[in-house]
Amino acid sequence: MKTEHEKLLAGEAYDYRAPELQDLIAQGRKRLAIINTASDQAERAAAMHAFFGRVGQRLTINGPISAVYGVHIQVGDDVFINGSCTFQDSNHIILGDRVIIAPDVKLYCGGHALDATQRFGVRPDGSRYLITTTKPITVGNDVWIAGNVTVIGGVHIGNNVVVGAGAVVTKDVPDNTVVGGVPARTIETLPPLER
């Protein structure tokens with residue numbers, strides 16, 4: 001039988017109130033508080049390495065961020081995350097190398113049933129719990145996600161991509177493109193990068 005955490009990562013309905021998940025959330029909150037407030041750079045760097053599932057070289061977090069677990073987030077090299085960003089990491093969020101995330105960006109892995117009768121489950125004791133399903137978000141290399149963008153679970157953003165400010169990304173974004181709008185659509189094709 002799968003644990004609630006295993007169900008979460010498999011994209012199956014899970015109960016977020018499970019003690020195992022609540023422990024991960026509590027650990028994440030403590031570490032995130034240090035990341036968001038510590039003035040000592042060594043303490044802050046140690047908290048980043050403990051908080052994220054993987055941290056590449058030269059990660060910059062420029063202002064407070066929000067996340068649920070932290071351990072589900074993997075960050076590549078030379079990533080810059082601006083303030084007021086939200087990582088609803090109820091599944092994996094993977095950021096490649098040289099990713100720039102502007103202020104107020106939101107990455108949401110979780111979702112709920114369209115049918116309202118399927119949004120809550122009932123435990124053996126009769127109490128109700130919110131049913132959530134999740135999908136991962138992946139972001140390739142050399143990506144700029146501009147301000148106030150929302151990315152929905154299950155989306156893969158390719159390499160060498162610009163996501164325009166205010167966009168809502170609901171579908172995969174191919175390599176070498178500029179997308180924008182609600183929902184996001186291709187605006188321009190970029191020449192491939194030669195690295």
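Before going into details, it helps to say that this report is about the structure given with it. (Residues numbered from 1 in each chain as written. Predicted model: local features only at pLDDT ≥ 70, side-chain atom pairs only at ≥ 80, totals over all residues. Heavy atoms only, no water.)

Taken in spatial order, the 5 strands make up an open sheet running β4-β7-β10-β16-β19, and their pairing is parallel. Only two strands of the sheet have a single neighbouring strand rather than two, namely β4 (65–67) and β19 (168–169). The pairing of β4 with strand β7 (residues 85–88) spans 3 bridges and is parallel. Across the sheet, residue Ser66 finds its bridge partner in β7, namely Thr86. (Pairing = 2+ DSSP bridges. Helix = DSSP H or I, 4+ residues; strand = E, 2+ residues; numbered from the N terminus.)

The next thing to look at is the packing of aromatic side chains. The geometry of an aromatic ring pair is captured by two quantities: the separation of the ring centres and the angle between the planes. Using the criterion set out here, one finds 1 aromatic pair in the structure. Taking 5.1 Å as the distance between ring centres and 80° as the angle between the ring planes, the aromatic pair formed by Phe51 and Phe52 counts as edge-to-face. Here Phe51 falls in the buried class, since its relative accessible area comes to 1%. (Phe/Tyr/Trp six-rings, centres within 6.5 Å; stacked < 30°, edge-to-face > 60°. Buried < 20%, exposed > 50% of the residue type's maximum accessible area, 1.4 Å probe, protein only.)

Here we take up the sheet that holds strand β15 (residues 143–145). Strands sit in the order β3-β6-β9-β15-β18-β20-β21 across an open sheet of 7 strands; the sheet is mixed. Every interior strand has two partners, whereas the edge strands, β3 (60–62) and β21 (185–189), have only one. As paired elements, strand β6 (residues 80–82) and strand β9 (residues 100–101) share 2 bridges and run parallel to each other. Following the sheet pairing, Phe80 is matched in β9 by Ile100.

Turning next to the side chain of Asn176. Along the polypeptide, Asn176 turns up in the loop between β19 and β20 (177–180). Within the structure, Asn176 has its side chain in polar contact with the side chain of Asn160 (distance 2.9 Å). With sequence-adjacent residues up to four places away left out, Asn176 is seen in contact with Asn159, Asn160, Val161, Glu188, Thr189, Leu190, Pro191, Pro192 and Leu193. (Polar contact = N/O pair within 3.5 Å; in protein donor to acceptor, adjacent residues only side chain to side chain. Contact = heavy atoms within 4.5 Å.)

Another point: the pattern of salt bridges. Under the counting rule described, the total for this entry stands at 5 salt bridges. With its nearest N and O atoms 2.5 Å apart, the salt bridge here joins Lys2 to Glu12. Residue Lys2 is located in the segment before α1 (4–10), and its partner Glu12 is located in the loop between α1 and β1 (14–15); the two are separated by 10 residues in the primary sequence. Residue Lys7 pairs with Glu4 through a salt bridge whose shortest N-O separation is 2.9 Å. Placement of the pair is Lys7 and Glu4 together in helix α1, with a separation of 3 residues, close to one helical turn. Given a relative accessible area of 22%, Lys7 falls into the partly exposed group. (Salt bridge = Lys/Arg side-chain N within 4 Å of Asp/Glu carboxyl O.)

Here Met48 lies in helix α3 (residues 41–51). C-alpha separation for the pair Met48 and Ile34, spaced 14 residues apart in sequence, amounts to 8.6 Å. Apart from the residues lying within four places of it in its own chain, the contact partners of Met48 are Ile35, Val55, Leu59 and Ile61.

Purely geometric stuff here, so don't read any function into it on its own.
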